[in-house]
Amino acid sequence: YIASEFFSNLSKYKIASEVEIKHNNSIKRIDLIIFKENIIEIIDFKSDKKVPKKVSRQYIDQLMIYKSAIKKQYSNYDVKGYIIWLTDCTIKLTC
């Protein structure tokens, strides 16, 4: 998946991994953040054995928490959330 279009030119952008955010008095950890011009992409890696046909509500909610926290810090950016399944490198835009 590193050779995929999604990750092409990744070296041009600022990236951060294992970014901690605070949510409801607990610490959450974002796997990867890519800062592209006016877009921030949040990447959440999943290691489920089987890629679901439909993304679970739990995963969507998790990305929405991440997205909300990042949007508070970077209000001028469009923030997008993706899940990448490591089992077959499936990439899904989730929110």
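Quick look at the structure, then. For clarity, every value in this text was computed on a predicted model and none was experimentally measured.

Re the pattern of salt bridges
Side chains carrying opposite charge are able to pair once their charged atoms draw close together.
So, point 1. Enumeration over the complete set of coordinates arrives at 5 salt bridges.
So, point 2. The shortest N-O distance in the salt bridge between E41 and K36 comes to 3.2 Å. Residues E41 and K36 agree in their burial class; the two are buried.
So, point 3. Among the ionic contacts, a cluster of salt bridges with common partners joins E18, E20 and R29.

A closer look at the pairing of strand β1 (residues 14-23)
So, point 1. Pairing analysis gives 9 bridges linking β1 to strand β2 (residues 26-36), with the strands arranged antiparallel. Directly across from K22, in β2, lies its bridge partner I27.
So, point 2. Hairpin connection between β1 and β2: a loop of 2 residues separates the two successive antiparallel strands, and N24 in this loop has a positive phi of roughly 50°.

Topic: the nonpolar core
So, point 1. Core analysis: the biggest nonpolar cluster contains 17 residues, and I30, I42 and I70 have the highest contact counts within it.
So, point 2. Looking at this core, the elements with two or more residues in it are β2, β3 (39-46), α1 (57-73) and β4 (78-85).
So, point 3. Of the residues forming this core, the biggest block, 6 residues, is contributed by α1.
So, point 4. Sequence-distant contacts of I30, defined by excluding residues within four places in its chain, comprise S17, E18, V19, I21, I42, I43, Y66 and I70.
So, point 5. Formed by 6 residues, the second largest nonpolar core is a distinct cluster that contains Y13, I34, I43 and Y82.

A short note on the side chain of D44
So, point 1. Secondary-structure assignment places D44 in strand β3.
So, point 2. Side chain to side chain, D44 and K46 meet in a polar contact 2.8 Å long.
So, point 3. Setting aside residues no more than four positions away along its own chain, D44 makes contact with D31, Q62, L63, Y66, Y82, I83 and I84.

Regarding α1
So, point 1. In this model α1 runs 25 Å from its N-terminal to its C-terminal C-alpha over 17 residues, within 8% of the 24 Å that 1.5 Å per residue would give.
So, point 2. Along α1, the residues classified as buried are Y59, I60, L63, Y66, A69 and I70.
So, point 3. Structurally, α1 contributes buried residues whose contacts are with β1, β2, β3 and β4.

Parameters at a glance
- The residue numbers shown here count from 1 along each chain, following its written sequence.
- Given that the model is predicted, a residue must reach a pLDDT of at least 70 before its local features are reported, and side-chain atom pairs must reach 80 or more before they are shown or counted; all residues, however, enter totals for whole chains, interfaces and linings.
- Hydrogens and water are ignored here; the side-chain numbers use all heavy atoms of the structure.
- When a carboxyl oxygen of Asp or Glu lies within 4 Å of a side-chain nitrogen of Lys or Arg, that pair is called a salt bridge.
- Each residue's exposure class comes from its accessible area (1.4 Å probe, protein chains only) as a fraction of the maximum for that residue type: buried when under 20%, exposed when over 50%, partly exposed otherwise.
- A pair of strands is considered paired only if DSSP assigns at least 2 bridges between the two.
- Numbering goes from the N terminus for both helices and strands, where a helix is a DSSP run of H or I of at least four residues and a strand is a run of E of at least two.
- What is meant by a nonpolar core is a set of buried Ala, Val, Leu, Ile, Met, Phe, Trp, Tyr and Cys residues, joined one to another through side-chain atoms within 4.5 Å.
- The contact definition used throughout considers only heavy atoms, calling two residues in contact when any of these lie within 4.5 Å.
- Residues adjacent in sequence count toward polar contacts only when both atoms are side-chain atoms; beyond that, a polar contact is any pair of N or O atoms within 3.5 Å, and within protein one must be able to donate a hydrogen and the other to accept it.
- The length a helix should cover is 1.5 Å for every residue beyond the first.

Note that every value here comes from positions in space, so none of it alone points to a role or purpose.
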